[in-house]
Amino acid sequence: MAAVAPRVFVSHLAGVPVFDPNGDQVGRVRDLVAMLRVGRRPPRLLGLVVEVISRRRIFLPMTRVTGIESGQVITTGVLNVRRFEQRPTERLVLGELLDRRVRLVESGEEVTVLDVAIQQLPARRDWEIDKVFVRKGKGGALRRRGETLTLEWSAVTGFSLEEHGQGAESLLATFEQLRPADLANVLHHLSPKRRAEVAAALDDDRLADVLEELPDDDQVEILGKLKEERAADVLEAMDPDDAADLLSELPEEDKERLLALMRPDDAADVRRLLSYEERTAGGLMTTEPIVLRPDSTVADALARVRQQDLSPALAAQVYVCRPPDETPTGKYLGTVHFQRLLRDPPFTLVSSIVDSDLPPLPPAAPLRAVTQHLAAYNMVAAPVVDESGSLLGVVTVDDVLDHLLPDDWRETEFEESAHG
């Protein structure tokens, strides 16, 4: 008697590595492609959307899959590197089927799809979606306590219709471990409808991080579909320089309306950044560096550097200034690099180890001068100081790279060819 092929729930496949027959990893699974069929016949699984090392997404037919087991996918090793493009008859399983509200055929009761299972047909390489894992309930807190059921595909109906207000909880759970840049890649490849639903389900901080990694067009589209109060909250959660860049893409009246809804302190930082030319030190800088008073100790500096939400570039050094501590500060005295903090006793005053020899940048310094400054002094961040000697902010190397690369570099990163 032939052995029954194992059943795999698709949520377990998100992000798993794909290997060729030699054991070399060729990419990771980002979604599955299915074709719905008439009546209640189970959908046929056509293939996998695989993100290869260059971050290009390609289509891997199921006929080229030799095994799905132990958190990995094995292929025949023959890959077509042409970029995946979804056809009208195809459905993305993770992106479009999970979180859908469907009905039980027997009772008509509405349920939510949490997962679906795939199984290989006996003696063939064809795969089908044969089971649906659903939860009863209307949503919210009640939905979480609802009964869960694993049903045959034929026991539910409603997959063929595009649904308004489709949830995103199961999709987000599937991708919750992704870095912001990788989740941005996922959002970029979803339909505009699904992208808006997922963005609406993300918390403000997570959405802010993801927006910073998206192309400008995607940022504007997502922000425009949020309620204005929520959009202002997300802008507050973004780095001020990224929020300023996004607002600069909006019509003047929309920009002013959102700034008026933001907290006054956050809005003031963003307005200050918007007042500078875009490709200058003032336009590139962030207004939230680590600022310490002269009587602070090395222990104080290290405690600030350890903050989890700091980028590596901002954590690389601290800036010693007279009060006030917020930008624009009092007189800027100099910089202390992270390596120097590690070499001195914790009780050492930062004023005694400050590096005052490196010249700061003026806010009007053009991009070329900023780039040369970072390269000449081997810096990952440089202070921006005005004529009165106040620290206005710092320019980090990642902000410089954003402006040195072509305007559509994020789009290109998502779409570039394997040999690009």
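Everything here concerns the structure above.
Bear in mind that the values here come from a model prediction, so they are computed numbers and not experimental data.

Thresholds, definitions, all that
- Each residue is numbered by its place in its chain's sequence as written, counting from 1.
- Only residues with pLDDT of at least 70 get local features here, since the model is predicted, and only at 80 or more are side-chain atom pairs given and counted; chain-wide, interface and lining totals rely on the full set of residues.
- Calculated side-chain values reflect all of the structure's heavy atoms, with hydrogen atoms and water omitted.
- Criterion used throughout: strands pair if DSSP finds at least two bridges between them.
- Secondary structure elements are defined from DSSP: runs of H or I of at least 4 residues count as helices, runs of E of at least 2 residues count as strands, and each element is numbered from the N terminus.
- Axis lines are fitted to C-alpha atoms, over the contacting stretch for helices. Their N-to-C directions set the angle, which ranges from 0 to 180 degrees.
- To sort the angles, those under 35 degrees are grouped as roughly parallel, those over 145 as roughly antiparallel, those from 65 to 115 as roughly perpendicular, and the leftovers as oblique.
- Contacts are assigned to residue pairs that have any heavy atoms within 4.5 Å of one another.
- Asp, Glu, Lys and Arg are counted as charged, while Ala, Val, Leu, Ile, Met, Phe, Trp, Tyr, Cys and Pro are counted as nonpolar; the rest, among them Gly, fall into the polar class.
- Among buried residues, the Ala, Val, Leu, Ile, Met, Phe, Trp, Tyr and Cys ones that are joined through side-chain atoms within 4.5 Å form a nonpolar core.
- Throughout this description, buried means an accessible area under 20% of the type-specific maximum (1.4 Å probe, protein chains only), exposed means over 50%, and partly exposed covers the range between.
- Here a salt bridge means any side-chain nitrogen of Lys or Arg lying within 4 Å of a carboxyl oxygen belonging to Asp or Glu.

Colleague: Before we go on, may I ask you to explain the pairing of strand E9 (residues 101–104) in this structure?
Modeller: Every other side chain in a regular strand lies on the same face of the sheet, so the side chains alternate between the two faces. Where E9 and strand E10 (residues 110–120) come together, three bridges link them in antiparallel fashion. Bridge assignment links Arg103 to a residue of E10, and that residue is Glu110. The turn linking E9 back onto E10 is made up of five residues, and Gly108 within it adopts a positive phi angle of 80 degrees. Summarising the sheet, E9 and strand E13 (residues 156–157) pair through two bridges and their orientation is antiparallel. By the bridge assignment, Leu104 is partnered in E13 with Val156.

Colleague: How do you make sense of the packing of helix H4 (residues 180–188) against helix H6 (residues 204–211) when you look at a structure like this?
Modeller: Pairs of packed helices are described in terms of their axes, by the angle between the two and the distance that separates them. Taken N-terminus to C-terminus, the directions of H4 and H6 make an angle of 80 degrees; their axes are 8 Å apart at the nearest point. The orientation of H4 with respect to H6, classified from their angle, is roughly perpendicular. Between H4, through Pro180, Leu183, Ala184 and Leu187, and H6, the contact on the second element is made entirely by Arg206, Asp209 and Val210. Along the lines of polarity and charge, the residues of the contact of H4 with H6 split into five nonpolar, no polar and two charged.

Colleague: Would you take a moment to explain the sheet that holds strand E14 (residues 291–292) for this structure?
Modeller: Strand order in this open sheet of three strands is E14-E15-E16, and the pairing throughout is mixed. In this open sheet, the two strands that pair with only one neighbour each are E14 and strand E16 (332–337). Two strands pair when backbone bridges link them, and E14 and strand E15 (residues 317–321) are joined in this way by two bridges, in the parallel orientation. Looking across to E15, one finds that Val291 is bridged to Tyr319.

Colleague: Even after reading the chapter, I still don't get the nonpolar core, so can you show me in this structure?
Modeller: Buried together is how nonpolar side chains tend to be arranged in soluble globular proteins. Residues Leu32, Leu48, Ile68, Val93, Ile118, Leu235 and Val370 are the most contacted members of the largest nonpolar core, which totals 90 residues. Grouped together as the second largest cluster of nonpolar side chains are 23 residues, Leu302, Tyr319, Val336 and Val385 included.

Colleague: Just to check I follow, could you spell out the pattern of salt bridges for this structure?
Modeller: Any two side chains of opposite charge can pair, so long as their charged atoms come close to each other. Per the stated rule, a full pass over the model turns up 24 salt bridges. Note that Arg101 and Glu110 form a salt bridge whose closest N and O atoms lie 3.2 Å from each other. The exposure class of Glu110 is partly exposed, given its relative accessible area of 28%. Here Lys136 and Glu147 are joined by a salt bridge, their closest N and O atoms 3.6 Å apart. Of this pair, Lys136 sits in strand E11 (residues 127–136) while Glu147 sits in the loop between helix H2 (140–145) and strand E12 (148–152), and the two are 11 residues apart along the sequence. In this structure Lys136 comes out as partly exposed when scored by relative accessible area, which is 21%. For Glu147, a relative accessible area of 45% puts it in the partly exposed group. Through salt bridges with shared partners, a single ionic network connects Asp99, Lys193, Arg194 and Glu197.

Colleague: How should unusual backbone geometry be read in this particular structure?
Modeller: The general pattern is negative phi for most residues beyond glycine and trans for most peptide bonds. Backbone torsion omega between Pro323 and Pro324 reads 5 degrees, so that peptide bond is classified as cis. Counting through the fold element by element, Pro324 comes out in the loop between E15 and E16. Look at the link from Thr327 to Pro328: it is a cis peptide, with omega at -5 degrees. Following the sequence through the fold, Pro328 ends up in the loop between E15 and E16. Phi is positive for Asp99, which is not a glycine, with a value near 75 degrees. With respect to the helices and strands, the residue Asp99 is situated in the loop between helix H1 (93–97) and E9.

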